[in-house]
Structures are given as structure tokens and as C-alpha cells.
Amino acid sequence: MDIRKWSRAVGAGVALAALSISASARAEWWQAETAHFIVYSESKKEDAEQFARLLERYDNALRYMQNYPVPGPDMGEANKVTVYRTGDISDIAAIFGAPESPVAGFYIPRAGNTVAFVPAREKRRDSMGVRTLNEQTLGAQRVLFHEYTHHFMLTNFSTAYPSWYAEGFAELYSTIDLKDGGSFHLGNVPQDRGPELKLLPDTRLSRLFDHSVKLSGIEQYQSYTVGWLLAHYLNFNQARKGQLPAYLTALNKGENSLEAAKRIFGDLDKLQAEIRRYKSGPFPGYDIKPPAYVEPVVTMRRLTTPEEEMMRAHIRSQRGVDVKAAKDVARDVAGKGAAYPDSLPAQLVVTEAQLDAQNFDEAETAAKRAIAIDPKSSLAHLMMGSIYLARGEKDKTMYAQARPWLTKARKLDPNDPRPMIGYYLSYYESGETIPEDALFTLEEAWDLASYDRGYRLLLARQLLNENKGKLARSVLAPIAFDAHGQDDENKIRAAVDFIDQDKLAEARTKVGEIFQEFEDARDGKKKKKKEKEG
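Residues numbered from 1 in each chain as written. Predicted model: local features only at pLDDT ≥ 70, side-chain atom pairs only at ≥ 80, totals over all residues. Heavy atoms only, no water.

A. The overall build of the protein, seen in detail. If you tally the helices and strands in the protein, you get 25 helices and 11 strands. Here the protein, with 534 residues, has 56% of them falling under the buried criterion. Sequence separation of 24 or more characterises 67% of the internal contacts of the protein that already satisfy a separation of 6 or more. (Helix = DSSP H or I, 4+ residues; strand = E, 2+ residues; numbered from the N terminus. Buried < 20%, exposed > 50% of the residue type's maximum accessible area, 1.4 Å probe, protein only. Contact = heavy atoms within 4.5 Å.)

In C-alpha cells, the structure reads:
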């Protein structure tokens, strides 16, 4: 199975929208790269550079608050978040797949290929085609800060967080005010949540802490606001200092969430009354000045003509495509590989588009061109491996042919988790006995891919197959507590519960059901396509 398609579908639930942004032949595109981000910006050079520096400063602030080294060790390009910055809010909403929604940006965590999409201009078109800004719309910067906080948490924290705190923590940090000279202020109120905070009813804490409860739509919506308010209060209120870490520790030890909340926070009605008073303000905060501040380094590059011309197709591929959209993108790039025989980026875009469309021969031709241009391109070798993995779905002998390409890709970029995961999958999907080096490789990807939900599921399935229940629990727990009771069973949470009961066979079954649902959905789409064509 193609590692790219697997990680997109299982890891991120990526959907299908056709991209409606207008392609400008004279668009000015810049690449701005920092220690943790690669930004492709349809803007002036200075604007792109300033935006990239802002993102890196936010990462530095998060690191400083957690006593991590700044800027941290070299993580390699594959592990940087790639941000596509183009158009306005209407265009980003179209890329997202909901043209009428006020989407100011979104983020997709994928092992070795995490991407985010934000507008270059924070305005949208109204019904008359006039570009306007909705003051209640979350700004692109805060959306990106919020989502990057989730990325940072899953990458660096091993603790499992309930949904309200994961969202509250992200809301708390996303309002950091970065000031000149490296200082920043923590504790600002998310202004776009103001109406919800003042006008909507609170979610009852007795229900918020009870993970078996199915929250109503309004309660779920309010959990972001109440989550922020509760996270702010418990972090800044000295009288309750230490209660939040104690609660999270209890939760991670398997204690029932509601019982732990009652034991640690005490009377929940009293806590509810306290935060109701608290939401009227004032809200305390911290002014923080890191010592020996060093301005982040930003490396700038103007994109080449082939890159600018193919950016529209590239963005569609990076967003994720269904079968129909994949065919559309493949048609858009047809002939571009031959037109730009010396452009590595052009060959890689063509390879990806043709691979998505399952035009394997065309994809292989472009991948071979890419390797000829740059024999040290890890991504080109990964693409070749992915082509054979995809072919393996119909001919299992192809899996063995994928391995040399994936092995070479890993040697060329030891920090890219995709060749590691693909190498493991080449054995798992073929039905062969998985050798020790493939098992070790899958586990070794942890430090590079722990933010990817799909990778965690894959690793947990393997650990359960090896009867390593405690390790599987540590992998699943951070993504198991992010949902309350719901119509559809929370199978990840169920698997964790079974592990806690030492019922590993039942836990394996639950995790297997998750993967089966993915396969059924994928096969269902293929069946519908065949029926339509027939």
C-alpha cells in the first residue's frame, strides 16, 4: 500500500475538495525556511519572511515555556511543518472543501509531510464579490498557532489529555502576543471566543469531565471556550496550583476522569461557580523575556518558473485528492515533466500527481527523471518506493521491489519517517514474516512521527500483535481521550480500556476494526467509481 495514501487517509482523514483558487501566471511565490517551518507564500519577499519568522518565534516561545532548548536539534526538512500561504479566506475555504465556511486556515498532521494552509490576505469575498473581513472570524495566525500547539504537544508530550484541556491549552497558547526584542505575553483572551463566553450557556463541568457522556452540539461547541477558561483558571489561580497536573496524572494512570476530577478539584459546582465569576475578568497573564534572545534565521528563495506554474496542482495534491480530483490534477500536469526536464520540483509534482491517479508508468517516468537530476534526492527515491508499494496492492511481488528504494531514501534522509514506515508496510501488506529490522524501523520512527494519529495506530497494532500492551497503551492514550460519548464507538478509547483490563485480544480486535473501516471506506469509493464508469 502506498505510504502516502495510507498516511493521508488513516492519519488525517484528508478529503477531497477541488481547488478553486485562480492560478495567476505572474504570481510571485517565495519559499521561507526556518528551523521548524517551510513557508510557500504567494506574496512579496518581505511579507513571506516576516510571516515565517513569526511562526518560528512562536515555536521558540513554546519551547521556552517548557524548558526545551531553543531552537532545538536539527529535525530535517521532512519534519518541518510546510505552510502554503495563498489567496484569501474564501480561497482557503475552497481548498478545505467548504467554500461557504469561514475557514481561516487548517492543518493536516502527516508523518514526514505535515502541511497547513492559510490565506496570504485575511479577507473573503461576499455575495457581491467584494472582499471583506469578518471580525468574528479566527485570524489565520491564531488558527495556525492553535493547530501547531497540538502538533507540538503530540511531538513532545507523552501525557494523554482530555479533549477540553487539549483544546484549552491550544487556545491559551495561541493568543501569545509576540513583542519586539524576543519578549512575549501569555494569557490574552481569544477575542473571537468573546460572544460564546458571554452569551452561550456553560458546559457543565460534571458532564465535561465525564467521558461517557455524549455532549450536545452546543456543549461540544462550548467545550473549546470552557476548555480555554478552565485551562486559564487552573494555570493562573494560585489557590488551585498543582491540581491540574495531579488530575492529568490520575487520568494517565487509568483513573476514571469524573472520579479523578471530584477527588482533586473537590466540589465541581463550586469550581463551576468560580470559573463563571472568572470569565468576567480581569484575566492575569505573564510578560516573559527570554534571556540571550536570538532572532530566528529565515532562508529565502524565489520559486522557479516551473514551481510557480505548477503550484496550483501541487497544493491540490498536498491537500489530498479523491479519485476524480486525482485524475484532474494528473491531466493538469500532463506534459509538464517533459516541458521541464531539468527541474527537480517539477518532476516530483508530476510523480505525485500521477501516482495519486494510479498512472504508475507515468509516475515512474517522472520519478526516474527526478533521480537523474538529483541522485541524492531522498524524496525522489521515496516516490519510487511508493510507486511499487501502490503496485503491490494488485501484485504482491511488487512489495519486495519497493524495499531497495525505501532503504536508499532512508540513507539519504535518516530523519524522514516515511521510508521507515513504508519499509515496514512492505512486509506487513505482503503477508510475509516481518523481520526484526523492519519492526525496529517502525519503532524508530516514533521520535519523528508521533504527532501522526495514523502512525500511532499502526505502531499500536504491531505492539499489540507482539503482546506489548503497556507500550501500546502509551502510544494510544494521547489520542484516546479526545472524544466524549458519541453515536459511533470511540474504538481507540475502547482499546485502551481493554488494555487496562489486560484483555489484549479484545484490544487487538478494536484496533483491527479501525483499519478495517478504512479499508471498507476505500473499497467503497472504488466500487462507486466502477459503478459510475460502468
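Let's pick the thread back up.
B. Spatial organisation of helix α16 (residues 360-373). Relative to the 20 Å expected for 14 residues at 1.5 Å per residue, α16 spans 20 Å between its end C-alpha atoms, a close match to the ideal helical length. Turning to α16, its buried residues are F360, A363, E364, A366, A367, A370 and I371. For α16, the arc enclosing every buried residue in end-on projection is 165°, short of the 170-degree limit, so these residues lie on one face. More than 90 degrees from the buried face of α16, the exposed residues found are D361 and A372. Buried positions along α16 lie against α15 (344-356), α17 (378-391) and α18 (398-412). (Expected span 1.5 Å × (residues − 1). Arc of directions from axis to C-beta.)

C. Just the pairing of strand β1 (residues 29-33), in detail. Counting buried positions along β1 yields 5 of 5 residues, so the element is predominantly enclosed. Covered by surrounding structure in β1 are W29, Q31 and E33 together with W30 and A32, the residues of both alternating faces. Sheet topology places β1 next to strand β2 (residues 37-42); 5 bridges connect them, and they run antiparallel. Pairing of W29 across the sheet is with E42, part of β2. Hairpin connection between β1 and β2: a loop of 3 residues separates the two successive antiparallel strands. For β1 and strand β11 (residues 299-302), the ladder comprises 4 bridges, and the chain directions are antiparallel. The partner of A32 across the bridge, within β11, is M300. (Pairing = 2+ DSSP bridges.)

D. Main features of the nonpolar core. Core analysis: the largest hydrophobic core is formed by 103 residues, its most contacted members being V83, W164, F209, L230, Y247, F265 and L476. For F265, the contacting residues outside a window of four places in its chain are F209, L234, R240, Q243, L244, Y247 and L271. The next biggest cluster of nonpolar side chains, apart from the first, holds 20 residues, and it includes L382, I387, A402 and A409. (Core = buried A, V, L, I, M, F, W, Y, C linked by side-chain atoms within 4.5 Å.)

E. Spotlight on the pattern of salt bridges. With the rule as written, the count across this model stands at 33 salt bridges. Ionic pairing is found between E274 and K270, a salt bridge with its closest N-O pair at 2.6 Å. A residue pair is termed a helical-turn pair when its members lie 3 or 4 positions apart in one helix, as E274 and K270 do in helix α11 (residues 268-278) at 4 residues. We classify E274 as buried; its relative accessible area is 10%. Its relative accessible area of 48% is what places K270 among the partly exposed residues. What emerges from the salt-bridge pattern is a single network uniting D361, E364, K368 and R391. (Salt bridge = Lys/Arg side-chain N within 4 Å of Asp/Glu carboxyl O.)

F. View of helix α2 (residues 45-65). Helix length check: α2, at 21 residues, gives a terminal C-alpha distance of 31 Å against a target of 30 Å (1.5 Å per residue), a fit within 8%. Two residues or fewer past α2, N67 is found with a positive phi of approximately 60°.

G. The packing of aromatic side chains, seen in detail. The tally for this structure, following the rule as stated, stands at 26 aromatic pairs. Relative to F145, the ring of Y58 lies with its centre 3.9 Å away and its plane at 5°, an arrangement referred to as stacked. Of the two residues, Y58 is situated in helix α2 and F145 in helix α4 (residues 140-156); the sequence distance between them amounts to 87 residues. The two residues Y58 and F145 agree in class, both being buried. Their ring planes at 85° and their centres at 5.2 Å tell us that Y278 and F283 sit as a pair that is edge-to-face. A relative accessible area of 12% places Y278 in the buried class. Classification of F283 as partly exposed rests on a relative accessible area of 22%. Ring pairs connect the aromatic residues Y68, F152, F157, Y161, W164, Y165, F169, Y173, F209, Y247 and F265, which therefore count as one cluster. In this structure, R391 packs its charged tip against the face of Y388, placed 5.2 Å from the ring centre. Between R461 and the ring centre of F515, over which it is positioned, the NZ or CZ distance is 4.1 Å. (Phe/Tyr/Trp six-rings, centres within 6.5 Å; stacked < 30°, edge-to-face > 60°. Lys NZ or Arg CZ within 6 Å of the ring centre and 35° of its normal.)

H. Inspection of the side chain of H151 at higher detail. You can see H151 is positioned in helix α4. The class for H151 is buried, based on a relative accessible area of 5%. Within the structure, the side chain of H151 is placed 2.9 Å from the side chain of Y107, a separation counted as a polar contact. The residues contacting H151, other than those within four sequence positions of it, are V81, Y107, T114 and Y451. (Polar contact = N/O pair within 3.5 Å; in protein donor to acceptor, adjacent residues only side chain to side chain.)

I. Summary view of unusual backbone geometry. The omega angle of the peptide bond from V70 to P71 is 0°, so this bond is cis rather than trans. Looking at the secondary structure, you find P71 in the loop between α2 and β3 (81-85). The omega angle of the peptide bond from G281 to P282 is -5°, so this bond is cis rather than trans. In the Ramachandran plot, N67 falls in the positive-phi region, its phi being about 60° despite a non-glycine side chain.

J. Representation of the environment of L271 in the model. Along the chain, L271 falls in helix α11. Owing to a relative accessible area of 0%, L271 belongs among the buried residues under this scheme. Once the C-alpha coordinates of L271 and L205 are considered, the two residues, 66 residues apart in sequence, prove to be 8.2 Å apart. Look past the residues within four positions of L271 in its chain and what remains in contact with it is L205, F209, L230, Y233, R240 and F265.

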